[in-house]
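# Close look at the chain arrangement
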Amino acid sequence: MTRSLNGRTAVVTGAGSGIGRAIALRLAEDTAKIAVWDINGDGAAETVKLIEAAGGTAIAITADCSDKAAIHAAAEETRAKLGPIAILVNNAGIAPFTPFMDIDDDLFDKVIHINLRGPYLLTKEVLPDMLAAGWGRVINITSSSVQSGSFAQGHYVSSKGGLMGMTKALALEFAPSGVTFNMVPPGFIDTPMLRAAPIDADAFAQTLPMKRIGKPEDIAAACAYLASEEASYITGQTISTNGGRYMGSH
């Protein structure tokens, strides 16, 4: 079922490939105008081509989604071309594998900078648009590793755990405003990032209850629901899209 987003403007970060691209395509299908932000300009342009080929509206913006000045410039360009920002999907991130004792301080800071400080800055930049409209959706792509842990990813899991905490705090603070804050933690999803990871993806898939790797479109579907009018009474929640890898009550 297509959920009409009535031409609202959505920013999807890291939308030049993988999960971000799938989210951008799905929200465009649901009639949002999409600002595709990615540090990889070629990838962002390719996503826009795919959206336009399907009859949607999108612009590509090359931006470092952890840099405050770049975020502000990208937001201003988005507003000028597409209008006030109503939906934000914080998807951009990095997921290195490093044994804990091998993580140096600079790498830890880099992961926190991109995966936690970036969404903080992005949310702060676009939230005034949503508050002025009395309607908004912030969807943070966290990680099932926050729920289960992940080997040799102390830095990554820490950053995504922080993002989970921020999501809940903002959901509470802004609950009366018409702006919702929710999370989608992907499980094991077939993306370029996964294929580059030092694990046997197909073998790991057999350890999952569903015995298969998820698709980026699975994450996009969860985001589409959270962005919709139908999800207006849902905030501070986690839609665990993981093939049964984790089943929790929180």
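Everything below is about the structure printed above this text.
Presented here is an overview of the structure given in this document.

Conventions and cut-offs
Residues numbered from 1 in each chain as written. Predicted model: local features only at pLDDT ≥ 70, side-chain atom pairs only at ≥ 80, totals over all residues. Heavy atoms only, no water. Helix = DSSP H or I, 4+ residues; strand = E, 2+ residues; numbered from the N terminus. Rg over C-alpha atoms; globule rule 2.2 N^0.38 Å. Buried < 20%, exposed > 50% of the residue type's maximum accessible area, 1.4 Å probe, protein only. Contact = heavy atoms within 4.5 Å. Phe/Tyr/Trp six-rings, centres within 6.5 Å; stacked < 30°, edge-to-face > 60°. Lys NZ or Arg CZ within 6 Å of the ring centre and 35° of its normal. Pairing = 2+ DSSP bridges. Axes fitted to C-alpha atoms, helices over the stretch in contact; angles between N-to-C directions. Core = buried A, V, L, I, M, F, W, Y, C linked by side-chain atoms within 4.5 Å. Right-handed = clockwise from strand over helix to strand, strands pointing away. Parallel < 35°, antiparallel > 145°, perpendicular 65-115°, else oblique. Left-handed = near helix turned anticlockwise from the far one by under 90°. Nonpolar A, V, L, I, M, F, W, Y, C, P; charged D, E, K, R; others polar. Disulfide = S-S within 2.5 Å.

## Topic: the overall build of the protein
A tally of regular secondary structure across the protein gives nine helices and six strands. For 250 residues, the compact-globule formula gives about 18 Å, and the C-alpha radius of gyration of the protein, at 17 Å, lands near that figure. Overall size of the protein, expressed as C-alpha extent along the three principal axes, is 45 × 40 × 40 Å. Counting all 250 residues of the protein, 49% fall into the buried class.

## Thoughts on the environment of Ala222
Position of Ala222 among the secondary structure elements: in helix 9 (residues 216–227). The spatial distance from the C-alpha of Ala222 to the C-alpha of Ser158 is 23 Å, given a sequence separation of 64 residues. Among residues more than four places away in sequence, those in contact with Ala222 are Val184, Ile239 and Thr241.

## Things to note about the packing of aromatic side chains
All chains considered together, the criterion is met by one aromatic pair. Taken together, a centroid distance of 5.9 Å and an interplanar angle of 35 degrees make the contact between Phe174 and Phe181 tilted. Residue classification places Phe174 among the buried residues on the basis of a relative accessible area of 16%. The exposure class of Phe181 is buried, given its relative accessible area of 0%. Here Arg137 stacks its cationic end above the ring of Trp135, 4.2 Å away from the centre of that ring.

## A few points about the sheet that holds strand 4 (residues 85–90)
The six strands lie next to each other as 3-2-1-4-5-6, forming an open sheet whose pairing is parallel. Pairing within the sheet leaves two strands with one partner each, and these edge strands are strand 3 (58–62) and strand 6 (179–184). Each strand of the sheet is rotated relative to its neighbour by a mean of 15 degrees, with strand direction disregarded. Here strand 4 runs beside strand 5 (residues 136–141); their pairing, made up of four bridges, is parallel. By the bridge assignment, Val89 is partnered in strand 5 with Ile139. Relative to the sheet, helix 9 contacts strand 4, strand 5 and strand 6, its axis offset from that of strand 5 by approximately 155 degrees.

## Thoughts on the nonpolar core
What tends to happen in soluble globular proteins is that the nonpolar side chains get buried as a cluster. Ranked by internal contacts, the top residues of the largest apolar core, which has 32 residues, are Ile23, Leu27, Ile34 and Ile87. For this core, the secondary-structure elements that each account for two or more residues are strand 1 (9–13), helix 1 (18–29), strand 2 (33–38), helix 2 (41–53), strand 4, strand 5 and helix 9. The element contributing the most residues to this core is helix 9, with seven residues. Excluding residues that lie within four positions of it along the chain, Ile34 makes contacts with Ala10, Val12, Ala24, Leu27, Ala28, Ile51, Thr57, Ala58, Ile59 and Leu82. Ranked by size, the runner-up nonpolar core spans 26 residues in total, among them Leu88, Leu122, Met166 and Val179.

## Some points on the pairing of strand 2
Burial within strand 2 is extensive, with five of its six residues counted as buried. Pairing between strand 1 and strand 2: five bridges, direction parallel. Paired with Thr9 across the bridge in strand 2 is Lys33. As a crossover connection, the stretch from strand 1 through helix 1 into strand 2 is right-handed. Both strand 2 and strand 3 contribute to a ladder of five bridges, which runs parallel. Residue pairing across strands places Ile34 opposite Ala58, the latter belonging to strand 3. Since strand 2 and strand 3 lie parallel, the crossover through helix 2 that links them has a hand, and here it is right-handed.

## A look at the packing of helix 1 against helix 9
Axis separation between helix 1 and helix 9 bottoms out at 8 Å; the angle between their running directions is 45 degrees. By the angle between their axes, helix 1 is oblique relative to helix 9. Considering how the two elements wind past one another, helix 1 and helix 9 form a crossing that is right-handed. Note on element contacts: helix 9 touches helix 1 through Pro216, Glu217, Ile219, Ala220, Ala221, Cys223, Ala224 and Ala227, opposite Gly18, Ile19, Ala22, Ile23, Arg26 and Leu27. In terms of residue class, the contact of helix 1 with helix 9 is built from eleven nonpolar, one polar and two charged.

## Details of the state of the cysteines
Following the criterion strictly, the structure yields zero disulfides and no others. Cysteine Cys65 shares no disulfide, and the gap to the nearest cysteine sulfur, in Cys223, comes to 15 Å. On the basis of relative accessible area, Cys65 is assigned to the buried category, the value being 10%. Here Cys223 falls in the buried class, since its relative accessible area comes to 0%.

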